[in-house]
Amino acid sequence: MPLKTFKFRKITETNGSLVPIDLKKFSKFRIKRFFILYGKKKYFRADHAHKKCTQIIIALNGQIKIYTFFKKKKKIFNINQKSKKALFIPPKCWLKIKFSKNQNSLITLCNYKYDKSEYILSFNEFKKKYY
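Here is what the cut-offs are and how they apply
- Residues numbered from 1 in each chain as written.
- Predicted model: local features only at pLDDT ≥ 70, side-chain atom pairs only at ≥ 80, totals over all residues.
- Heavy atoms only, no water.
- Helix = DSSP H or I, 4+ residues; strand = E, 2+ residues; numbered from the N terminus.
- Polar contact = N/O pair within 3.5 Å; in protein donor to acceptor, adjacent residues only side chain to side chain.
- Contact = heavy atoms within 4.5 Å.
- Patch = residues over 30% accessible without salt bridge, like charges linked within 9 Å, V, L, I, M, F, W, Y side chains within 5 Å.
- Areas by Shrake-Rupley, 256 points an atom, 1.4 Å probe, with all protein chains shown as cover.
- Salt bridge = Lys/Arg side-chain N within 4 Å of Asp/Glu carboxyl O.
- Buried < 20%, exposed > 50% of the residue type's maximum accessible area, 1.4 Å probe, protein only.
- Core = buried A, V, L, I, M, F, W, Y, C linked by side-chain atoms within 4.5 Å.
- Pairing = 2+ DSSP bridges.
- Axes fitted to C-alpha atoms, helices over the stretch in contact; angles between N-to-C directions.

1. A short note on the side chain of Asn80
Link 1 in the chain: With respect to the helices and strands, Asn80 occurs in strand S8 (residues 73-80).
Link 2 in the chain: Side-chain polar atoms of Asn80 contact the side chain of Gln63, separated by 2.7 Å.
Link 3 in the chain: At 2.8 Å, the side chain of Asn80 forms a polar contact with the backbone nitrogen of Ser83.
Link 4 in the chain: In this structure Asn80 touches Ala59, Gly62, Gln63 and Lys85, once residues within four positions along its chain are discounted.

Here it is in structure tokens:
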């Protein structure tokens with residue numbers, strides 16, 4: 001499946017809101033782990049790729065810019081909780097995440113268990129093998 005954003009809906013009632021995330025369109029995506037990531041305005045987060053892990057990134061708070069390098073293309077995605085968009089990240093996609101303000105946050109859903117050897121941490125290595 002290609003790198004892309006997808007929309008989700010928000011159901012608002014007088015007592016609050018609910019955002020259901022339906023993963024049916026990603027039939028082979030089974031959540032193995034998830035994490036919440038907080039950022040600082042001056043720094044990038046992520047700055048790596050995965051060999052096997054597919055991810056879905058959803059903004060929880062604030063404006064988040066995601067720089068991607070995938071199949072010889074560089075793309076920048078802007079996500080925030082108001083746009084109701086999430087970003088699907090396939091394996092072998094380099095990403096860097098930039099938060100617009102301190103303590104902005106996102107949640108990442110992963111279909112692969114944590115395994116340090118599964119990360120590609122050198123951009124030069126990534127370019128030689130996958131880009």
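Structure's up, so let's keep going.
2. Focus: a nonpolar patch on the surface
Link 1 in the chain: The grouping of Ile36, Tyr38 and Leu60 at the surface amounts to a nonpolar patch, some 280 Å² of accessible area in total.
Link 2 in the chain: Structurally, Ile36 can be placed in strand S4 (residues 33-38).
Link 3 in the chain: Judged by relative accessible area, Ile36 falls into the partly exposed class, the value being 44%.

3. Thoughts on the nonpolar core
Link 1 in the chain: Core analysis: the biggest nonpolar cluster contains 16 residues, and Leu3, Ile57, Ile64, Ile66, Ile89, Ile97 and Leu106 have the highest contact counts within it.
Link 2 in the chain: Counting only elements with at least two residues in this core, the list comes to strand S6 (55-61), strand S7 (63-70), S8, strand S9 (85-89) and strand S10 (94-99).
Link 3 in the chain: Those residues within four positions of Leu3 in sequence are excluded, and the remaining contacts are Thr68, Phe70, Phe77, Leu87, Phe88, Ile89, Pro90 and Cys93.
Link 4 in the chain: Membership of the second largest hydrophobic core comes to eleven residues, among which are Phe6, Phe8, Ile56 and Ile107.

4. So, the pattern of salt bridges
Link 1 in the chain: Under the definition given, this model contains one salt bridge.
Link 2 in the chain: In this structure, the salt-bridge partner of Lys129 is Glu125, at a minimum N-O distance of 3.7 Å. Here Glu125 and Lys129 lie together in helix H1 (residues 123-130), a separation of four residues that amounts to about one turn.
Link 3 in the chain: For Glu125, a relative accessible area of 31% puts it in the partly exposed group.

5. Structural notes on the sheet that holds S6
Link 1 in the chain: If you trace the five strands from one edge of the open sheet to the other, you get S1-S9-S6-S11-S4, paired in antiparallel fashion. In this open sheet, the two strands that pair with only one neighbour each are strand S1 (4-7) and S4. Here the strands of the sheet are splayed against their neighbours by 25 degrees on average, with no regard to which way each runs.
Link 2 in the chain: In this structure, S1 lies alongside S9, joined through four bridges in antiparallel fashion. Considered in S9, the bridge of Lys7 is made with Lys85.

6. Looking at the sheet that holds strand S12 (residues 119-120)
Link 1 in the chain: Strand order in the open sheet formed by five strands is S8-S7-S10-S5-S12, and the pairing between neighbours is antiparallel. Both outer strands of the open sheet, S8 and S12, are each paired with one neighbouring strand and no more.
Link 2 in the chain: For S7 and S10, the ladder comprises six bridges, and the chain directions are antiparallel. Residue pairing in the sheet places Thr68 in a bridge with Leu95 of S10.

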